[in-house]
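# Chains, contacts and geometry: an overview
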Amino acid sequence: MSRSPSIPDRPHRDIDSDLPDDERLEALRGHYEDLVEVNEQLTAQLDDAEKRRQRLREKVDRVERENESLKSSSLYIATVEDVLDDDEVIVKQHGNNQEVLTEVSSRMVDRVEPGDRVAVNDSFAIQTVLNAETDARAQSMEITEKPGVTYADIGGIDEQVREVREAVEQPLAEPELFDEVGIDPPSGVLLYGPPGTGKTMLAKAVANETDATFIKMAGSELVRKFIGEGSRLVRDLFEMAREREPAIIFIDEIDAIATRRTESKTSGDAEVQRTMMQLLSEMDGFEARGEIRIIAATNRFDMLDRAILRPGRFDRLIDVPEPDCDGREQILEIHTRGMSVSDDVDFAELAADTDGYSGADIESLATEAGMFAIRNDRDTVTHSDFAEALEKIENDDSSDVISSAGYFYQ
Ligand SMILES: Nc1ncnc2c1ncn2[C@@H]1O[C@H](COP(=O)(O)OP(=O)(O)OP(=O)(O)O)[C@@H](O)[C@H]1O
């Protein structure tokens with residue numbers, strides 16, 4: 001470490017006031033020169049100190065950056081397969097299924113058990129054991145205690161709302177009705193229809209109405225995210241629901257795990273198959289009149305493996321179609337409820353002009369119209385804003401919007 005330079009002594013001269021003027025002037029000049037010299041030395045020292053401060057600042061910045069990147073460097077999720085003597089464990093990394101033998105630090109050794117989900121760093125050192133919440137998030141489950149969607153937010157599919165209430169809400173809210181009559185409620189409800197028609201909203205609204213926890217998982221995540229983990233994730237999904245009863249399990253894109261068997265026998269197919277079998281066995285195993293309801297959704301009904309539609313499985317099918325003209329008008333009204341809309345907006349006309357639009361498309365139309373109002377410096381949305389928005393959407397991606405009807409869904 002460099003030592004701090006010593007501070008020069010303050011120059012001092014006794015100048016006798018009785019001296020003749022010229023000698024006194026000479027002495028003062030000398031004193032002045034001493035002062036200038038000390039000043040120069042101090043300035044040089046100050047410069048040095050400034051440079052040193054600069055260097056230290058850069059060093060601190062660098063260390064801080066390193067520290068930040070160490071803290072934020074990605075961790076990978078792995079499952080503890082086995083805990084061996086000598087503080088070693090075998091972990092299996094999600095995603096690539098790689099098995100690794102790794103040492104556990106003394107800090108962690110008493111905390112890991114086979115089956116635990118852990119976060120490992122690049123060198124496979126276990127950083128933490130995931131708690132249930134983090135674990136659920138890592139597994140891409142979406143868990144909402146009380147989703148903010150209500151039946152009043154859903155337009156144009158009243159009949160579907162009624163059916164969902166009957167098949168999902170009633171068994172949760174009034175199980176005694178089923179006991180009295182002596183029938184089991186539907187085990188699982190399958191909502192099928194084109195994208196953006198309100199399937200997820202329906203599932204959320206029923207969870208809201210019944211004060212049930214809403215647990216969502218996408219079928220595509222089940223098979224894509226953690227290769228070889230699909231069936232375990234299905235088990236965890238039901239486990240999570242059991243811990244949080246009453247609960248609604250919503251499996252979106254169920255087609256990803258329940259496609260009709262193809263001729264090809266790749267390992268990927270076998271994995272998908274295992275995941276589906278696990279789902280079916282979980283469904284077979286749970287109490288029909290219990291506090292967990294399961295809803296699945298698909299826009300590829302044609303591709304589904306019929307095995308999942310057997311009694312005791314997804315035995316209530318609800319078609320959620322694209323809204324008709326009246327439905328579109330209702331949805332427009334719902335999505336403009338919070339907007340300041342001018343009296344000249346003709347919802348019936350807009351509904352007639354949006355044939356083939358899904359609920360989600362109509363929501364975008366309302367937002368786009370609002371954008372036009374802002375662009376035109378108005379705080380009220382007029383009919384012409386809607387007309388312009390409609391034109392923009394048609395021009396932007398006419399192919400997408402217009403052909404969404406019937407493209408995926410047959
Ligand atoms: N019937 C509807 N009434 C009101 N809004 C709707 C309706 N359908 C869709 N929306 C709007 O579109 C958005 C997307 O809808 P949602 O996620 O429920 O569609 P989905 O059928 O589940 O779509 P996907 O099949 O693509 O998952 C909703 O957040 C809502 O704003």
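Refer to the structure above for everything that follows.
Residues numbered from 1 in each chain as written. Predicted model: local features only at pLDDT ≥ 70, side-chain atom pairs only at ≥ 80, totals over all residues. Heavy atoms only, no water.

### Some details on the pattern of salt bridges
Counted by the stated rule, this structure contains 19 salt bridges. Between Arg-117 and Asp-236 there is a salt bridge whose closest N-O contact spans 2.2 Å. Of this pair, Arg-117 sits in strand β4 (residues 117-120) while Asp-236 sits in helix α7 (residues 230-243), placing them 119 residues apart in sequence. For Arg-162, the salt bridge identified is with Glu-159, shortest N-O distance 2.8 Å. Remark: Glu-159 and Arg-162 occur in helix α3 (residues 158-173); sequence separation between them is three residues, near one turn of the helix. (Salt bridge = Lys/Arg side-chain N within 4 Å of Asp/Glu carboxyl O. Helix = DSSP H or I, 4+ residues; strand = E, 2+ residues; numbered from the N terminus.)

### Re the packing of aromatic side chains
In this structure the tally under the stated criterion is two aromatic pairs. Ring centres 4.2 Å apart and planes at 20° place the aromatic pair Tyr-192 and Phe-301 in the stacked group. Taken together, the residues Tyr-192 in strand β7 (residues 188-192) and Phe-301 in the loop between β10 (292-298) and β11 (314-319) connect sequence positions 109 residues apart. Take Tyr-192 and Phe-301: they sit in the same class, and that class is buried. With a centroid separation of 5.9 Å and an interplanar angle of 25°, the aromatic rings of Phe-214 and Phe-250 are classed as stacked. Within this pair, whereas Phe-214 is found in strand β8 (residues 213-218), its partner Phe-250 is found in strand β9 (residues 247-252), the two being separated by 36 residues in sequence. (Phe/Tyr/Trp six-rings, centres within 6.5 Å; stacked < 30°, edge-to-face > 60°. Buried < 20%, exposed > 50% of the residue type's maximum accessible area, 1.4 Å probe, protein only.)

### Some words on the site of the ligand
By nearness alone, 17 residues border the ligand, and Gly-196, Lys-199, Thr-200, His-335 and Glu-363 come closest of all. In the model, an oxygen atom of the ligand is placed 2.8 Å from a nitrogen or oxygen of the Gly-196 main chain. Within the backbone of Ala-360, a nitrogen or oxygen atom sits 3.4 Å from an oxygen atom of the ligand. In the complex, the protein chains occlude 80% of the 630 Å² of accessible area that the ligand would expose alone. Those elements that place two or more of their residues in the shell around the ligand are α5 (199-210), α9 (325-335) and α11 (359-375). (Near = heavy atom within 4 Å. Polar contact = N/O pair within 3.5 Å; in protein donor to acceptor, adjacent residues only side chain to side chain. Areas by Shrake-Rupley, 256 points an atom, 1.4 Å probe, with all protein chains shown as cover.)

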